[in-house]
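# Architecture and fold: a report
Read off the chains here:
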Amino acid sequence: MLSVKQIFICAVILTGIPLFSQNIYLKSKKTEIISQFDKLLAELWLDENISPANEASDCVMVRRLYIDLAGRVPTPAEALSYIGDKNKDKQSELVKKLLNTEEHAMFMTMRYGDELRIKSEFPINLWPNAAFLYTRTIFEALKNNMPYDKFAACMILSDGSNFRNGYANFFRAVPQKNAENAADAAAKFLLGKPLNELSYWQRKKFLNTFEGIRFKSTREWKEEIVYFTGNDTRQTLLNDIVKEKDFSLNAVKRTWRWIFGSDNVHPEITDFLADRFRSNKYDIRDLLYTICTSAAYRSGSICDGDYQKNAQMGAVYPMRRLDAEVLADSIAQITNMPVTYSSVIPEPFSYYKGRAAALPDGSITDKFLLIFGRPSRDSGAADERKSIITAEQRLYLFNSSALNNQLNNILRKKIKKEKDKLTALYLLFYSRKPTAAERKTFHEMGKKVKSWKLLNRMPWVLLNSGEFLFQH
Amino acid sequence: MNMFAYIILSALCSLPQTTEKAAPPAKSVIEIWVWGGPSQLETFDPKPNAPAEYNNKYKAIPTNVSGIEISEMLPNLAKHADKYSIIRTMTHRHNGHETASYLMQTGREPGSGRVFPAIGALVAFYKGMDYKGDLPPYVILTKPKGRFAEEGFLGEKFKPLVTGGNPNAARFSVDGITPPGGLSQADISMQFEALDKFDNFRKYNQIPALSLFDAAGKEAFRKMNGTAAKVFDLSQESDEIRNRYGRNEFGQACLTARRLVEAGVPYITINAQGWDSHKKHFETMKKKTAEMDQALAALLEDLAQKNLLDSTIVWWSGEFGRTPKIQWEAPWNGGRNHYAKCFSALIAGGGFKGGKVIGVSDSVAGTVVSRPVAPQDLLGSILERCGIDPDSEFPAFTGVKEPLLPKESKEGRLREIYPENIKCGGEK
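Residues numbered from 1 in each chain as written. Chains lettered and ligands numbered in written order. Predicted model: local features only at pLDDT ≥ 70, side-chain atom pairs only at ≥ 80, totals over all residues. Heavy atoms only, no water.

## A few points about the overall build of chain A
Stated precisely, the cut-off is as follows: Labels follow the DSSP assignment, with helices taken as runs of H or I lasting at least four residues and strands as runs of E lasting at least two, numbered in each case from the N terminus. Values of the radius of gyration come from C-alpha atoms, whereas the globule rule sets the reference at 2.2 Å times the count of residues to the power 0.38. Only protein chains enter the calculation, and the probe is 1.4 Å; a residue is then buried if its accessible area is under 20% of its type maximum, exposed if over 50%, and partly exposed in between. Contacts are residue-level and defined by heavy atoms, with any inter-residue pair within 4.5 Å sufficient. Under the convention used here, a 1.4 Å probe and the Shrake-Rupley method define accessible areas, while residue burial counts only the protein chains that appear. We score Asp and Glu as negative and Lys and Arg as positive, and we do not count His or the chain ends. Here the site of a charge means atom NZ of a Lys, CZ of an Arg, CG of an Asp or CD of a Glu.
On a plain count of helices and strands, chain A comes out with 25 helices and 9 strands. Against the compact-globule benchmark of 23 Å for 472 residues, chain A has a radius of gyration of 25 Å, which places it among compact chains. Dimensions of chain A along its principal axes, counting C-alpha atoms only, are 85 × 55 × 35 Å. Residues classed as buried in chain A amount to 57% of the 472 residues present. Long-range contacts, defined here as pairs at least 24 residues apart, represent 68% of the contacts in chain A between residues at least 6 apart. Total accessible area on chain A is roughly 20,200 Å²; 53% of this is exposed by carbon and sulfur atoms. Charge separation in chain A, taken as the distance between the mean sites of 69 positive and 54 negative side-chain charges, equals 7 Å.

So, in structure tokens, the structure goes:
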């Protein structure tokens, strides 16, 4: 009997396809068109004469899903279990599984926290325990998959103590405590536009609604009560806004940006998703499920033609650097060396050991997160997050002693007992095994410089490579 | 002087014209940030005649400028009083570290809803336009000061490089500039060669994000192997010089600062921590002032000898000073608390006159008697001496339509120690 491997080799010889010509990042076929949404995409591609990328391979897909939905690379076990899974629905099943984890709720809490400016002291003088409560409140809502319209209502209609009702911090985490700032925060969250970009009448409506907002302090240090005087018309405003297309569209664009790194996308795509979002009762998880199982998401990140345009049309998954928190958490996981983050604002200092994505307060940070462009949460604007890669960042990755200490732990402890250390390293960093060509390169170079020496530096090599540093 | 008065004056003085040129602006600034709040009494505003519950019987010593006395804890600095001026009447109203630091770093009252850039980021921004060095224009030795003392809304690009590491270690390892310890040059070459071979994504260079990645990598590699790393190699200094600054972290940080000035870096902060002496104040001060005295004196002397002092501003201050009356009761057992009402700062070089004292404090260094100096007056003077107008607006891209610093106080910037204009006599 011939083994599978032998059959494969025979096939290669017979068909004349050279061994390993296949790209490990792409499947050999175009992305499959499955859902109604996929059909819309396929029509768009046809109309615009776009040749979409081939479908992403399994090792790319498992890494991509964990990064986008759990905020970290998969562990070797998680990667292998997906790659070895023969079930043809494994992609959508993994999406479903990840969407229901607390880890996912935590990661999405971070995304909302950026937009809602959850940080203590500078520049908005929020006290740390209010920031913590606000984070916790949003986490609970997302964990329970609260419908988005209700989630928005919790914010807009909130009042009371900002130490007891987390949502009340929606009006507290603004530069100045007045009607204009409250209206601006509401406009940004509900419609994705600052107050001054709304039409005259809409601006007036927002300003009138929040005219009665007031704040008072209590006998507890830094606690504040948010309350409204006069006729409270927030519910009326909310009812009107939820009916507007921009309300759903804003939620869709925000989600698209989180997944694809930019909301510069063809309007037919976002319109379709906004309609679906509305008819599915503003189910946030369903929206993410639709996006992450779509042909746009299943596409590879390598394609011919105009890359920017393909990205706009959902015909390629755009490559971009891993976000600061994702990078930090992935390195901590790979090396088994968690990092302690701290805030020196205000006294007493806060210390937090664990996931960067789970930090409950934007003021708790470290040098790594600062260098890699974690948003400062000063304005809440999307462009506060920096996703480009700079020379300074690469210098840090080349040379940091702190990082080097973490990396050293891999060979010394984490995979000390593994026999095939090269495979173990590839699985940790790339969520795949090395190819035969890569093994060959390793052996050839190892012969020249001694393989143990080369192996010692392999964690550094893999860390500094594009395949690790980029979401692809 | 307003324009009208100027015209009349110049008409009246139709003397043989000596044209006056303003002294050239300073090129670099070294900020010694005495984080925690140093006691004014044990440094630059001693009160030997005050009761013991204020001065703990510490004495004042004369300096090389007659009439100026400083604390006996600073014998080395006493030999160089001609090089610096003392401000004894810094004053503001914030007694919390972070609010006071924000004010002393930005000149702004906290709570405006915006994070203003610290003076270092401002100088780096304006001076950085002409600066072409491999190091960022704003370097902090060695630990970060926190976000309230950084780039604020100027953005990412003006974030300081925080070195980390220990300049007093056998090898001063600077995160991101010099490779981590324990690696030979051969290891380093090998790992870069391996990166070339193993990074499969190199062949997708036409993808926009990856082409940026590649360019950033080349720039990083060039910087790593350029002059930048050598600046931090203190073994290039003689033992005599290294010892003169003091073989401790602060001393060697001061020496590094001088090397950074030589490399053209516009703004350098030495974040001198550990001055928050609530308890055991005098034990702390003895240790801290000894290191500080030696290193700062060496720095001023060294800069002067290398002809760098005229173009380099050195300023020394904490976010505030300390309570004049000593707290002997438990749990302080001889401590001093935060005190912003009246405290001391030091300024030298960059054209500022030395050998002067600005302001008079009361008999216990507790209140300002005359010539108060607000934070924006001090910071404004530094900016002005750097050739940056503190009253000009923030660059347009920030969208902030405000002057770089709030309006100076009634008593104003430190014009009494600005350099005299240089006379370029006789040319008519």
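## Concerning the nonpolar core
What counts here: As used in this record, nonpolar core signifies buried Ala, Val, Leu, Ile, Met, Phe, Trp, Tyr and Cys residues forming a set joined through side-chain atoms within 4.5 Å. An automatic or database domain assignment provides the domain bounds reported here.
Phe206(A) and Phe429(A) are the most contacted members of the largest nonpolar core, which totals 230 residues. The dominant element in this core, judged by the number of residues it contributes, is helix α10 (residues 281-305) of chain B, at 10 residues. The residues that make up this core include at least three from each of domain 1 (20-178 + 232-423) and domain 2 (179-227) of chain B. Membership of the second largest hydrophobic core comes to 47 residues, among which are Val123(B), Tyr267(B), Ile313(B) and Val400(B).

## Side note on the packing of helix α3 (residues 58-70) of chain A against helix α5 (residues 90-99) of chain A
Residues and elements named next belong to chain A. Under the convention used in this document: All axes are obtained by fitting lines to C-alpha atoms, using only the stretch in contact for helices, and the reported angles, taken between N-to-C directions, cover 0 to 180 degrees. Any angle from 65 to 115 degrees is called roughly perpendicular, while one under 35 is roughly parallel, one over 145 is roughly antiparallel, and all others are oblique. Crossing handedness: left-handed means the near helix sits turned counterclockwise from the far one by under a right angle, and right-handed means the same turn made clockwise. Three classes are used: nonpolar for Ala, Val, Leu, Ile, Met, Phe, Trp, Tyr, Cys and Pro, charged for Asp, Glu, Lys and Arg, and polar for all others, with Gly counted as polar.
The contact between α3 and α5 brings their axes to 10 Å, and the two run at 20°. Judged by the angle between their axes, α3 and α5 are roughly parallel. Here the hand of the crossing between α3 and α5 comes out right-handed. Residues Asp58, Met61, Val62, Leu65, Tyr66, Leu69 and Ala70 of α3 pack against Lys90, Gln91, Leu94, Val95, Lys97, Leu98 and Leu99 of α5. Its residues placed into classes, the contact of α3 with α5 shows 10 nonpolar, 1 polar and 3 charged.

## A closer look at the environment of Lys341(B)
All names here are of chain B. Structurally, Lys341 is set in the loop between β11 (338-339) and β12 (343-349). Each C-alpha atom of the pair Lys341 and Arg171 lies 42 Å from the other, and the pair is 170 residues apart in sequence. Look past the residues within four positions of Lys341 in its chain and what remains in contact with it is Met90, Thr91, His92, Gly366, Thr367 and Val368.

## Overview of the sheet that holds strand β5 (residues 224-228) of chain A
Cut-off, in case you're wondering: Here, strands pair whenever DSSP counts at least two bridges between them.
The strand order β3-β5-β4 (chain A) describes an open sheet built from 3 strands, whose pairing is antiparallel. Every interior strand has two partners, whereas the edge strands, β3 (160-161) and β4 (213-217) of chain A, have only one.

## Examining the interface of chain A and chain B
Bring the parts together and some accessible area is lost; that lost area is often taken as the interface size. Spelled out, the test is: Accessible area that two parts lose when put together, evaluated with a 1.4 Å probe and summed over both, is termed the buried area. Salt bridge, as used here, is a side-chain nitrogen of Lys or Arg placed within 4 Å of a carboxyl oxygen of Asp or Glu.
Taken together, the contact between chain A and chain B spans 58 residues of the former and 54 residues of the latter. Interface of chain A and chain B: buried area, both sides summed, is about 5,000 Å²; carbon and sulfur atoms make up 68% of it. At the boundary of chain A and chain B, one finds 1 salt bridge. Between Lys448(A) and Glu193(B) there is a salt bridge, with its nearest N and O atoms 3.5 Å apart. Elements that contribute at least two residues to the side of chain A that touches chain B include exactly α17 (307-312), α19 (367-371), α20 (391-399), α21 (401-414), α23 (436-449), α24 (451-463) and α25 (466-469) of chain A.

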